[in-house]
Amino acid sequence: MVDERGQVTAEARVPTPVGADAIIGAIAGLAETLGPGLPVGVGAPGLVDAEGVLRFAPNLPGVVDVPMRGQLIARLGVPVVIENDATAACWAEREVGAAAGSNDVVVVTLGTGIGGGIVSGGILQRGANGFAGEIGHIVLSADGPDCPCGMKGCWERYASGSGLTRLARERGVGERGEEVTALAAAGDVLALEVMADFAWWVALGLVSLTYLLDPSLFVIGGGLVEAGELLLQPTREAFTGLLAGSRHRPPVGIVGAALGERAGAIGAALLARQ
Ligand SMILES: [Zn+2]
């Protein structure tokens, strides 16, 4: 539950159950616990269309074409807003987080994959169907590693947790991303090289997004940004080197997210308030 300034005033969580009916029941239960009678916002991990139908959620088995908004309205009798979770997180960062006051910002969530949200000209971009911001599947190398989406060489194959893990294994710097960041923080030269290579791939995607959207700010969120400046500084350097005419443009900010893993929930709640 959030107030008008986006401050969290109450919080509850439950593990995500299996199956659409159980998930809707869990959300309804949380809403009734936290704020009976109040509008509800949901940030859902998948393709959410303009009618509030969760079309496809790759990490929620069996959740396909679920009319989540309609079912929650029927159950709770209050206004319900449903957005893709990365889109909702973007709105939270723009309203009350690291991008407060920015009208042209892209929020990039680096985790297992890459999520994205876009505010352009001050307006949260949803696209024709609500599916805008699926930036992790921009193809950077047509003969690159296989992606679960069916393509090869998507940005998230390189610049997500699995991308960092692959770079770490190739260089013999541990088996997991956390090991690389811990070693890099301790000054390990090989680990710092892996971080620089990883940051180059992050920057490569940011450069493409800059050509498309001309943002003034990128907000980097997700588990990988816990590395902080160890990731952000080499990303800024690679970005400046890759972007055409970067000396002749105003600088584009690249900063860490402010709201952490709660950004999606906060953004969904703010959208419900609005
Ligand atoms: Zn893909």
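See above for the structure.
Residues numbered from 1 in each chain as written. Predicted model: local features only at pLDDT ≥ 70, side-chain atom pairs only at ≥ 80, totals over all residues. Heavy atoms only, no water.

A few words now on the pattern of salt bridges. Two side chains carrying opposite charge are able to pair once their charged atoms lie near each other. The tally for this structure, following the rule as stated, stands at 17 salt bridges. Glu156 is paired through a salt bridge with Arg157; the nearest N and O atoms lie 3.4 Å apart. Of the charged contacts, one joins Arg176 and Glu179 as a salt bridge, the two residues approaching to 3.6 Å between their closest N and O atoms. The exposure class assigned to Glu179 is partly exposed, which follows from its relative accessible area of 30%. One salt-bridge network, held together by shared partners, links Glu11, Arg13, Glu261 and Arg262. (Salt bridge = Lys/Arg side-chain N within 4 Å of Asp/Glu carboxyl O. Buried < 20%, exposed > 50% of the residue type's maximum accessible area, 1.4 Å probe, protein only.)

Each protein donor to the zinc ion is listed here as His137 (ND1), Cys147 (SG), Cys149 (SG) and Cys154 (SG); together their distances run 2.0 to 2.3 Å. Relative to the metal, the four donor atoms surrounding the zinc ion lie at angles of 107 to 120 degrees, and the coordination shape comes out tetrahedral. The exposure class of His137 is partly exposed, given its relative accessible area of 30%. (Donors = N, O, S within 2.8 Å, 3.2 Å for Na, K, Ca; no water. Tetrahedral: all angles 85-135°; square planar, octahedral: opposite > 155°, others 65-115°.)

Taken in spatial order, the three strands of this open sheet run 2-3-4, and their pairing is antiparallel. Edge positions in the sheet fall to strand 2 (47–48) and strand 4 (64–66), since each has one partner strand and no second. Direction of pairing for strand 2 relative to strand 3 (residues 54–56): antiparallel, over a ladder of two bridges. By the bridge assignment, Leu47 is partnered in strand 3 with Phe56. (Pairing = 2+ DSSP bridges. Helix = DSSP H or I, 4+ residues; strand = E, 2+ residues; numbered from the N terminus.)

The next subject is the side chain of Thr87. With respect to the secondary-structure elements, Thr87 resides in helix 3 (residues 85–96). The residues touching Thr87, leaving out its near neighbours within four places in the chain, are Gly116, Gly117, Leu124, Gln125 and Ala132. (Contact = heavy atoms within 4.5 Å.)

How two helices pack is summed up by the angle between their axes together with the distance between the axes. Where helix 7 (residues 189–213) meets helix 8 (residues 229–242), the axes come as close as 7 Å, and the angle between the chain directions of the two elements is 50 degrees. Relative to helix 8, helix 7 is oriented oblique. The element helix 7 and its partner helix 8 pack so that their crossing is right-handed. Here the contact of helix 7 with helix 8 is composed, by residue class, of 18 nonpolar, two polar and no charged. (Axes fitted to C-alpha atoms, helices over the stretch in contact; angles between N-to-C directions. Parallel < 35°, antiparallel > 145°, perpendicular 65-115°, else oblique. Left-handed = near helix turned anticlockwise from the far one by under 90°. Nonpolar A, V, L, I, M, F, W, Y, C, P; charged D, E, K, R; others polar.)

So, on to unusual backbone geometry. Unusually for a residue other than glycine, Asp65 sits at a positive phi of about 50 degrees. Relative to the assigned elements, Asp65 resides in strand 4.

Right, let's get into the nonpolar core. Core analysis: the biggest nonpolar cluster contains 38 residues, and Val108, Leu206, Phe218, Ile220 and Phe239 have the highest contact counts within it. Counting only elements with at least two residues in this core, the list comes to strand 6 (105–110), strand 7 (114–120), helix 4 (155–159), helix 5 (161–171), helix 6 (177–185), helix 7, strand 9 (217–221) and helix 8. Considering every element that reaches this core, the biggest residue donor is helix 7, with eleven residues. Ignoring anything within four residues of it in the chain, the contact list for Val108 reads Ile114, Gly115, Ile135, Trp155, Leu206, Phe218, Val219, Ile220 and Gly221. (Core = buried A, V, L, I, M, F, W, Y, C linked by side-chain atoms within 4.5 Å.)

As a further point, take the side chain of Ser141. With respect to the element layout, Ser141 can be found in the loop between strand 8 (123–124) and helix 4. For Ser141, a relative accessible area of 18% translates into the label buried. Setting aside residues up to four positions removed in sequence, Ser141 forms contacts with Lys152, Gly153 and Tyr158.

The mixed open sheet is built from five strands, whose spatial order is 8-7-6-9-10. The strands lining the two open edges of the sheet, one partner per strand, are strand 8 and strand 10 (253–256). Where helix 8 meets the sheet, its contacts fall on strand 6, strand 9 and strand 10, and the angle it forms with strand 10 comes to roughly 165 degrees.

Turning our eyes to something else, we now look at the pairing of strand 1 (residues 40–44). Put simply, side chains in a regular strand alternate between the two faces of the sheet. Across the two faces of strand 1 the burial differs, with Val40, Val42 and Ala44 buried and Gly41 and Gly43 not buried at all. Sheet topology note: the strand 1/strand 5 (residues 80–84) ladder contains five bridges and is parallel. Within strand 5, the residue paired with Gly43 across the bridge is Glu83.

Counting through the fold element by element, Ala10 comes out in the segment before helix 1 (20–34). As for Ala10 and Gly35, which are separated by 25 residues in sequence, their C-alpha atoms are 8.9 Å apart. Contact partners of Ala10, with chain neighbours within four places excluded, come to Met1 and Leu34.

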